[in-house]
Each structure stands twice: as C-alpha cells, then as structure tokens.
Amino acid sequence: MRLTRRGLAEALAAGGVLAAAGPGAWAASAGGQPAYGDFGLDLTAIDPSIAPGDDFYRYTNNGWLKQAAIPADAAAYSGVMRETTLSRTRDIMQGAGALGAANGRKIGDYYRAWTDGALLERRGLDPLKPELARVAGVNSASALARELALFSWGDLPNPNGASRPDAAPIAAGVGVDVKQPTRYVPTLSQGGLSLPDRDYYLVDAPANVKARDAFRAHIAKLFALAGFDDPQGRAARVYALEEKIAKGWWSREQSRQAEKRYNPYSRAQLATLAQGLDLDAYLGAAGIDGQVVYIVAQPSSIAASAGLARDVALADWRDYLAFRTLRNFAPCGPKAFREADFAFNGGVLQGTPKMPEAWKQAVVQTDRALGQAVGEIYLARWFPPASRAQVTEMTRNLKSAMGRRIQGNSWMTPPTKARALAKLANLRVEVGGQTPPRDYSKLEVKPGEAFENLLRAQAFTHQRVVGRLGRPVDRSEWSMNPQTINAQSNSTLVKVMFPAGFLQPPNFDPYADAAVNYGAIGRVIGHEISHQFDDQGSKYDETGALNDWWAPADLERFKAATAALAKQYDGYEPLPGLHINGRLTLGENIGDLAGLAISLDAYHASLGGKPPPVLAGLSGDQRFFLSFAQTHRSLQRENALRAQLISDPHSPNEWRAAEVRNMDAWYSEFAVKPGQKMYLAPDARVRVW
Ligand SMILES: [Zn+2]
C-alpha cells in the first residue's frame, strides 16, 4: 500500500498509536518492510534449547512467551493487533461527526454518550426507570410471554462472537431455512442464562461453585444499586430460576448437530410443545406470528422453559426480568454499575484484574450498534486495494488446492466427489466487509443518551431481522464488521468471509515472504473453506441446503477419520481435570487440519515450479510451519481458559498449533523422531482431506 500523508499524519496524531502498535501498523510497513524481521517471521522468538518434536509451540514462540504479558485490562493477549485496531476504530469514531458521512453524526454521538462519565453519573437511574416500571407491571401470563419475546432482542449481536446472543430462555429469531436456503423462517432456540454454559450451574467443579456464588452476589449487588428491597432474596430467586432453565438446556455438543436442530413445527404443533407459554402473546411481540412453519432448535429445552413460564411464580419472573434489565443497563449506567458489571463479567468470569478505560468499552459498544458504518470508514482508511487483491488471489489458490484435494482423495467415490466439487465451485469468498454495508437510516441516535440509544439499537436489530420474513435470502449479509478480528464460514449461504480487521500482521503482511503468509492467513483461508466440509458443514449441499449428499460408504470413512481427530483432542488436558472436548471442537479442529494441509499445497503451487528460496537458513516449508505456530502464540487468564474449554468450539491456541503432528511434512522438515513428545507414528496421524 501507498500510505497517504494524511493517513500517516493521522496515525501519528493518534496519541502514540504507532509506538504502541509496534512495527505492525500499516504506516511502518509503508516502506515495503514486513512488520517482523526480514521476511515476516519473528526469529528472535525461536528457542533452540527446545526440540521442535517435543514442543513445537514453545520451540517457535518461547522468546515471545517469556517476555509477553497480558495487559491488566484484558483476559488474553496475542500481540498488538487488538490494541491497534481499537485505537484505529476509536479515532474513526471520535472524528466521524466531522466527516460528513451519512452515519458520521450517529457514530460520533453513540460513541461519546458511552464515554461521558459525568453525564452518566448525572443521569443516574433515570434512563432505567421506564424499563423497570414495565417489567414490574408484568402481572399475567400474556404480559410475561410478551416480555420473554422482547428480551430475545435484549442484547446486541456481538460481531466478534457467535451470531446470536442468548438473551431470553426462549429466544425468537429469523434465519435462513437450512432445508430451503432461498427463504427465511422464524426460529426458536434456547437461551436465558447469564453464566457461559449450563455446566456452570449443573457440574459441581470447585471453579463452577465459585462462579455461582459470585454470580449470586453480583445479582444482589445490581438490585441493591438500583434501590430494590431484599436484594439477597431476589438474587436467590433469580439464580434458582436460571438453574431451572439450565436443567432444560441441551449441551453445546448436542446443539452443534445441524440435523437435530432442524425441527419444523406448525403453529398448532408449537402450541402443544410450548404448553405453559401464552404463545399468541409471545409470537406477536416477537414479530413472528402468522407463519406457516417454525424451526425449533432444541424442542425439549423450549418445552421446559415454556413449562417454567406457567409453574414459576410471576413474582420470581419479575425479578428475573428486572435483573436482565439491570444487566443490560449496567455497562452504561453510573460508575458503581459499570464497576459491578466489570467485576463480575470481566473479573470473575474472565479473570481480568483491571477495568478497561471507558473509551474501549465505547468502541466495542459502538461496533455492536453501528459497526458496519464504522467499517466503511475503516476500509477506506486501512485496507488498501493492493492488500485486497493480494488476499483475493490467495483465496483463489486455496480454493484450487481444496479442489485438488477432493479430486485426489482416495476414499471418496466419484458421485460424492462430483457433489463436493460442485459445492466448492459454488462457494463465495468475500474479503474486507459486507457489500453494500448495512443501512442504518432507520436507527435513531441522540446525543448523551447511552442507554436509550442501546435500546433503540436493539429494537432496530429486531426490526431488521424480523423484516427478513417474506423476502428472498440475501447472500451478501455479514454478521461481522470490516474491523472485526475474525473470519467466518457460513454453510447455508455457502460462503467464507475475511474482514479487513483480520488482515493485518501477523495474520497477513503484504511484505512478508510467501511461505510466511501461507502459514498465517493462507491456513486461515483454508480453515474457513474446510468448514464447508467439516463434520457439520459437510451436511450442507452445494445450494446450502441441509441435505444428505454423501454416498453411505463415503460418509462412514469420513466419520471414522474425524472420530480419530476427536479422540486425539479428547486426550489434551489444558487445565488439571479439564480436557478439551473433542466432539465440541471437532469442526474447528477439522478446519485447522484441512486448512493447514491445503494451504501448504497452495504455497507449493504458488511457486510455479521454482524452488523456494532459503532464508536465514530456513526452507520454505520450515518458514510455513513456523509462521503457523507463531500466529497461534497467545496468553490467556485461567478463568477465561476455563470458560473457553467448557463453552467454546475452538480449542485453545496452543493445542490448535499442535495440528502439525498430523502433517508428514512437519516431521521431515524438523527431523521429528519416535520418542519425542509430539511424535505420532504415520498410521496414527489423522488425515481428513
Ligand atoms: Zn473456524
């Protein structure tokens, strides 16, 4: 990229961002130098005292691991990328009002309302009162049903995380019909828990018991701050109700199974399933009444929560709804609320010692409400056309490499192969952000009204999602923002997405050696493409329909290979007594393994028959694997790691990097021998694609 003078001046003016960001920032790369070292690898991190075959992750990263530290206001740390992006995004938000862009004023007002501590203090509980009054007035089954429907939208989707929040015990939504991916259907799924997973309520591990106690204290604290009487009694009742909801929940592992989640119900059948819930009131308030079919993700869980709507006293439900209102308000309430919110959600659940400064919270919240509008500016400022072109070319090479893997596959019969290739041909690859970006013209934002703006943004999301009903499916939609540091695969839309925020060093460096970029962003592109063919993604056909397109014998062989990978990951124990869940993480682990394999293929193909250069004594394949392991380096607090192991389909980074054990090339490149800790005999290495 050619960095403009204006861009450089802005970067410098952003309060030492360049220094904070280190050489990873675009500006520092403007001269054509990679962010790290001579060709994009951090060679200073390599620890020659560790044998690669014993611990490849520490061999590659030890120099970095020994000096890196998690910032006090974060739960994890993997380098400067997150801080760099936060600063860039803050600068956009602070200056947006002056840009004259369509959404500039909204962005600026939304952001500033969250940072004005004096104003939040002065307004006190006033913005909260109408909301609390509404839930305090719930005195009938129909009023309760209406509130439960509205709370489905009582949280904004997090562009950095899963696509839907779990805001209500019965969460209404509208999504693509996975059996007929040309239409939208209303959906009902389980939700309504405050702790990260049902296991926290139901499994009596000491860490879970501690989290429960802290959670009860947190509920009481919010009630006390809002001036409720008997905060302890209310906390006990809210907790008891959440525990009942948790008992009905499906495990994450069950919920991952795409075909088990697809349960069509007519309106009449739904009434039979959800006995105890005033369904007319619920569907009406959710904006999804009068539909022919409803897709229920976890029928027994929905039935259980509907039963609770009838069996649990309305007074307890009022406390539950009041708590969820307080929880929604706390991050933008007076200081005591903000501190309580952080102490539990950041401190207890993640183990983070220090509350982030207000501007960071404001950036995250504005991203959730108006992120794609912010992203338009981010793209123009930080994602040059040359980078887009370079990444797009890599995606083409990765797609071709996947095609060759499918074609050369020895266990798949020709008819299944033809379907797999058709699916690959139909796969869309999108780089940068959603085009065109989301239309925010109907979202009203007022200066100084942090909580009201949040409620309006939640209502706007509700309208936007419900507005899909009856329309053709929009394949261009993204749930991530351009500035999001993540990448995604969507099986029903048959596409993979790479936001600009992810495409920065060390993930992607336009000046790095090809082997380094293929080991980093290449394997991520491969990972996302492979999701279309992982244990769940492979259940969707070339149109995005959940449809069994596999010959039975092929499917058996595929399942056997993936079962071996699940077993391999079940064997890892990141915390004493807490293993990786091989089934929960299977899709991600398949993505990692296949992504690594096809990216190495694509790297080789990109050389066009020429031998790769040897750099600093390292072969091309060595640089590829080192780069792969370096992009996984990270530190994480124990509580955050625990939450991840229980609820997240991704294995922790160190164990994701251990996929190299399944790659023959890694053994020869690093002279890995039998007897070394990571060694696997050739027939014990898992090969999926
Ligand atoms: Zn993934």
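A. Here's a closer look at the overall build of the protein chain. Scanning the protein chain from N- to C-terminus turns up 29 helices and 9 strands. For 689 residues, the compact-globule formula gives about 26 Å, and the C-alpha radius of gyration of the protein chain, at 25 Å, lands near that figure. Classification of the 689 residues of the protein chain by burial places 58% in the buried group. When the accessible area of the protein chain is evaluated, it comes to approximately 26600 Å², of which 53% is carbon and sulfur surface. Once the 78 positive and 70 negative side-chain charges of the protein chain are each reduced to a mean point, those two points are 2 Å apart.

B. The coordination of the zinc ion, seen in detail. Those protein atoms acting as donors to the zinc ion are H527 (NE2), H531 (NE2) and E588 (OE), and they sit at 2.0 to 2.1 Å. Donor residues for the zinc ion, ordered by position in the chain, follow H-x3-H-x56-E. Separated by 57 residues along the polypeptide, H531 in helix α23 (residues 514-531) and E588 in helix α25 (residues 586-606) bring together distant segments of the chain. In this pair, the class of H531 matches that of E588, namely buried.

C. Summary view of the pattern of salt bridges. In the structure shown here, the tally under the stated rule is 44 salt bridges. Here R237 and D316 are joined by a salt bridge, their closest N and O atoms 3.7 Å apart. Within this pair, whereas R237 is found in helix α12 (residues 231-248), its partner D316 is found in helix α17 (residues 314-329), the two being separated by 79 residues in sequence. Of the charged contacts, one joins E242 and R324 as a salt bridge, the two residues approaching to 3.1 Å between their closest N and O atoms. Here the residue E242 occupies a position in helix α12, and R324 occupies one in helix α17, the gap between them amounting to 82 residues. Here the two residues E242 and R324 agree in accessibility, since each one is buried.

D. Structural detail: the confidence of the model for the protein chain. On average, the protein chain scores 92 in pLDDT, and the residues at 70 or more come to 94%. Across residues 1-30 the pLDDT falls below 50, and counting only partners more than four positions away or on other chains, this stretch makes 39 contacts in the model.

E. Representation of helix α27 (residues 638-647) within the structure. Taking burial as the measure, the 10 residues of α27 include 8 buried ones, the bulk of the element. For α27, the complete set of buried residues consists of A640, L641, R642, A643, Q644, L645, I646 and S647. In this structure, the buried residues of α27 make contact with α10 (199-202), α11 (206-225), α13 (252-255), α18 (335-350) and β9 (635-636).

F. Structural view of the sheet that holds strand β2 (residues 170-176). If you walk across this open sheet you meet the 4 strands as β2-β3-β5-β4, and the pairing is mixed. Each having just a single partner strand, β2 and β4 (263-265) make up the two edges of the open sheet. Averaged over neighbouring strand pairs, the angle between their axes works out to 35° when direction is ignored. Where strand β3 (residues 184-190) lies against strand β5 (residues 294-296), 2 bridges are found, and the strand directions are parallel. Bridging across to β5, L188 finds its partner in V296.

G. Just the nonpolar core, in detail. Within the largest apolar cluster, 194 residues are counted, with the highest numbers of intra-cluster contacts made by F56, Y282, I288, F625, W666 and W689. With 11 residues, the single largest contributor to this core is helix α19 (residues 358-382). Non-local contacts of F56, meaning those with residues more than four positions away in its chain, are made with F625, L626, A629, V660, W666, F670 and M678. If you look at the next biggest cluster of nonpolar residues, it comprises 8 residues, including A258, Y262, I295 and Y540.

H. Up close: the packing of α11 against α17. Between α11 and α17, whose axes approach to 10 Å, the crossing angle comes to 80°. Classed by the angle they form, the pair α11 and α17 counts as roughly perpendicular. Judged by residue contacts, F215, H218, I219, L222 and F223 of α11 engage D319, A322, F323, L326 and R327 from α17. Of the residues contributing to the contact of α11 with α17, the split by class is 7 nonpolar, 1 polar and 2 charged.

I. Seen up close, the environment of L493. Residue placement: L493 occurs in the loop between β7 (488-490) and β8 (495-499). The class of L493 is buried, set by a relative accessible area of 7%.

J. Spatial organisation of the packing of aromatic side chains. Applying the stated criterion across every chain, the model contains 28 aromatic pairs. With centroids separated by 5.2 Å and ring planes inclined at 80°, the aromatic side chains of F329 and F337 adopt a geometry described as edge-to-face. For the pair F329 and F337, a shared accessibility class is recorded, and that class is buried. Directly above the ring of Y239 sits R216, whose terminal nitrogen or CZ lies 4.4 Å from the centroid. Directly above the ring of F533 sits K423, whose terminal nitrogen or CZ lies 5.3 Å from the centroid.

K. Representation of unusual backbone geometry within the structure. Each neighbour pair has its own omega, and for T435 with P436 the value is -10°, a cis peptide bond. With respect to the element layout, P436 can be found in the loop between β6 (428-432) and α22 (450-466). Of note, the bond from P505 into P506 is cis; its omega dihedral lies within 30 degrees of zero at 5°. Within the secondary structure, P506 is located in the loop between β8 and α23. Unusually for a residue other than glycine, A671 sits at a positive phi of about 50°. In this structure, A671 sits in the segment after α29 (664-669).

L. Quick look at the sheet that holds β6. If you walk across this open sheet you meet the 3 strands as β6-β8-β7, and the pairing is mixed. With one partner strand each, in any of the chains shown, β6 and β7 form the two edges of the open sheet. Put simply, the sheet's adjacent strands are angled 15° from each other on average, direction ignored. Together, β6 and β8 form the strand contacts of helix α20 (residues 385-408), whose direction differs from that of β6 by roughly 155°.

M. A look at the side chain of D509. Here D509 is to be found in the loop between β8 and α23. Filtering out sequence-adjacent residues up to four positions away, D509 remains in contact with P34, A35, Y36 and N517.

N. Structural detail: the environment of A168. Secondary-structure assignment places A168 in the loop between α9 (141-151) and β2. Each C-alpha atom, one on A168 and one on S152, is 4.9 Å from the other, the two residues being 16 residues apart in sequence. Excluding residues within four positions of it along the chain, A168 makes contact with L148, F151, S152, Q190, G191 and G192.

O. The arrangement of the packing of α12 against helix α16 (residues 299-311) in detail. It is the contact of α12 with α16, at a shortest axis distance of 8 Å, that shows an interaxial angle of 150°. With respect to each other, α12 and α16 are oriented roughly antiparallel. In the crossing of α12 with α16, the sense of the turn from one axis to the other is right-handed. Here α12 contributes L241, K244, I245 and G248 to the contact with α16, which in turn contributes S301, A304, S305 and L308. Of the residues assigned to the contact of α12 with α16, the class counts are 4 nonpolar, 3 polar and 1 charged.

P. Quick look at the environment of N490. In this structure, N490 sits in strand β7. Judged by relative accessible area, which is 24%, N490 ranks as partly exposed.

Conventions used here
- Positions within a chain are numbered from 1, following the residues in the order the chain's sequence is written.
- This being a predicted model, a pLDDT of at least 70 is required before a residue's local features are given, and a value of 80 or more before pairs of side-chain atoms are given or counted; all residues contribute to the totals for chains, interfaces and linings.
- To obtain the side-chain values, all non-hydrogen atoms of the structure were included, while hydrogens and water were left out.
- Here a helix means four or more residues in a row that DSSP labels H or I, a strand means two or more in a row labelled E, and each is numbered from the N terminus.
- C-alpha atoms define the radius of gyration in this analysis, and the globule rule sets the expected value at 2.2 Å times the number of residues to the power 0.38.
- Buried residues are those whose accessible area, probed at 1.4 Å on protein chains only, stays under 20% of the maximum for their type, while exposed residues exceed 50% and partly exposed ones sit between those limits.
- Using a 1.4 Å probe, the Shrake-Rupley method yields the accessible areas, and only the shown protein chains count as cover for residues.
- The charged-residue count follows a simple rule in which Lys and Arg add positive charge and Asp and Glu add negative charge, with His and chain termini not counted at all.
- Throughout, a charge is located at the NZ atom of Lys, the CZ atom of Arg, the CG atom of Asp or the CD atom of Glu.
- In this analysis a donor is any N, O or S atom within 2.8 Å of a metal ion (3.2 Å for sodium, potassium and calcium), and since water is not included, sites may seem incomplete.
- The term salt bridge refers to a side-chain nitrogen of Lys or Arg lying within 4 Å of a carboxyl oxygen of Asp or Glu.
- pLDDT is a per-residue confidence score from the predictor, ranging from 0 to 100.
- Whether two residues are in contact is decided by their heavy atoms, any of which lying within 4.5 Å being enough.
- A pair of strands is considered paired only if DSSP assigns at least 2 bridges between the two.
- Comment: axis = line fitted to C-alpha atoms, over the contacting stretch for helices; angle = value between 0 and 180 degrees taken between N-to-C directions.
- Nonpolar core, defined: a set of buried Ala, Val, Leu, Ile, Met, Phe, Trp, Tyr and Cys residues in which side-chain atoms within 4.5 Å join the residues together.
- For classification, angles of less than 35 degrees are called roughly parallel, those exceeding 145 degrees roughly antiparallel, those between 65 and 115 degrees roughly perpendicular, and all remaining angles oblique.
- Under the scheme applied, nonpolar residues are Ala, Val, Leu, Ile, Met, Phe, Trp, Tyr, Cys and Pro; charged residues are Asp, Glu, Lys and Arg; polar residues are all the others, including Gly.
- Pairs were defined over the aromatic rings of Phe, Tyr and Trp, the Trp ring being its six-membered one, requiring ring centres within 6.5 Å. Orientation was assigned from the angle between planes: stacked under 30 degrees, edge-to-face over 60, tilted for the rest.
- To sit over a ring, a charge needs its Lys NZ or Arg CZ within 6 Å of the ring centre and within 35 degrees of the ring normal.
- Two helices cross in a left-handed way if the nearer one is turned anticlockwise from the farther one by less than a right angle. They cross in a right-handed way if the turn is clockwise.

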